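# An overview of the molecular structure
Letter by letter, the chains look like this.
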Amino acid sequence: MDRMFTGLHKVDQQLFYKINGSKLYRSFFGMITHLGGSKISILSILSLAFISLFYPSIRPAVLQAFLVLSVSHIIMHFIKRSVKRIRPYLSLPDVMLHGHPFEDHSFPSGHSTAIFSMTIPFMLHFPAAIMFLFPISVLVAYSRVVLGVHYPSDVLAGAFLALAIAVLVFVV
């Protein structure tokens, strides 16, 4: 079992180095990454709640996005505190870090959890929105690796956590 985890970690590191990019590349992702940040997430939910007063057809998706965002972030914080994975810029040599360093742990990615928590309910309610929302969500998740603050497995775990909670909320 240890060999399997060692192999997976090695693949994770190799993929990380392939994605962690140049300055020009990183400046675009430095902007897009904020779509998964706490300020934008909270502002988006509040804005969507207001808009739903005039467009009641989006209310179920807004409510589910709020629930998924809230529940997934509580679970994410417990996982971060339990796993305590050190961020790649602190544990790997020659990482190109863009922006300020974070003080919490790496696994799972909070930005990835947030963006997928907000978009998956809308994708489930409005399948045509997948063409727009899924690429944005993937770009935010990808940006976390480009910027040097997460491993690829961190962002996948955040997306999966959001998906799991969204499916549970959608089914219930």
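Residues numbered from 1 in each chain as written. Predicted model: local features only at pLDDT ≥ 70, side-chain atom pairs only at ≥ 80, totals over all residues. Heavy atoms only, no water.

### Comments concerning the packing of helix α3 (residues 38–51) against helix α6 (residues 110–125)
Put simply, α3 and α6 touch, their axes get as near as 10 Å, and they point 25 degrees apart. Taken together, the axes of α3 and α6 lie roughly parallel to each other. Here Ser 41, Ser 44, Ile 45 and Leu 48 of α3 come into contact with α6, specifically with Ala 114, Met 118 and Phe 122. Class assignment for the residues of the contact of α3 with α6 results in 5 nonpolar, 2 polar and no charged. (Axes fitted to C-alpha atoms, helices over the stretch in contact; angles between N-to-C directions. Helix = DSSP H or I, 4+ residues; strand = E, 2+ residues; numbered from the N terminus. Parallel < 35°, antiparallel > 145°, perpendicular 65-115°, else oblique. Contact = heavy atoms within 4.5 Å. Nonpolar A, V, L, I, M, F, W, Y, C, P; charged D, E, K, R; others polar.)

### Quick word on the packing of aromatic side chains
Scanning the model with the defined rule gives 7 aromatic pairs in all. Consider the rings of Phe 116 and Phe 134, whose centres lie 6.4 Å apart with planes at 65 degrees: the pair is edge-to-face. Here the residue Phe 116 occupies a position in helix α6, and Phe 134 occupies one in helix α7 (residues 130–146), the gap between them amounting to 18 residues. Through successive ring pairs, a cluster of aromatic residues spans Phe 16, Tyr 17 and Tyr 151. (Phe/Tyr/Trp six-rings, centres within 6.5 Å; stacked < 30°, edge-to-face > 60°.)

### As for the UniProt feature "domain: Phosphatidic acid phosphatase type 2/haloperoxidase" (unreviewed entry) in the protein
When the UniProt feature table is mapped onto this chain, "domain: Phosphatidic acid phosphatase type 2/haloperoxidase" (unreviewed entry) is found at residues 61–170. A distance of 9 Å separates the end C-alpha atoms of residues 61–170, which is 72% helix and 0% strand. (UniProt positions renumbered as here; feature names shortened; annotations may be inferred.)

### Points about the environment of Ile 58
Mapping Ile 58 onto the fold places it in the loop between α3 and α4 (59–83). Among the residues examined, Ile 58 registers a relative accessible area of 15% and is labelled buried. Distance in space between the C-alpha atoms of Ile 58 and His 125 is 8.4 Å, their sequence separation being 67 residues. (Buried < 20%, exposed > 50% of the residue type's maximum accessible area, 1.4 Å probe, protein only.)

### With respect to the UniProt feature "transmembrane region" (unreviewed entry) in the protein
Mapped onto this numbering, the UniProt entry gives "transmembrane region" (unreviewed entry) at residues 28–55, 61–79, 122–143 and 155–171. Between the end C-alpha atoms of residues 28–55 the distance is 33 Å, and the span holds 68% helix and 0% strand. Span residues 61–79 is 100% helix and 0% strand, its end C-alpha atoms 26 Å apart.

### Some remarks on unusual backbone geometry
Residue Pro 108 is reached from Phe 107 by a cis peptide bond, and omega for that bond is -5 degrees. With respect to the helices and strands, Pro 108 occurs in the loop between α5 (88–91) and α6. Unusually for a residue other than glycine, Lys 84 sits at a positive phi of about 55 degrees. Inspection of the secondary structure puts Lys 84 in the loop between α4 and α5. In this model, Asp 94 sits at a positive phi of 60 degrees, which is unusual for a non-glycine residue. Position of Asp 94 relative to the elements: it lies in the loop between α5 and α6. Assessed through its relative accessible area of 72%, Asp 94 is described here as exposed.

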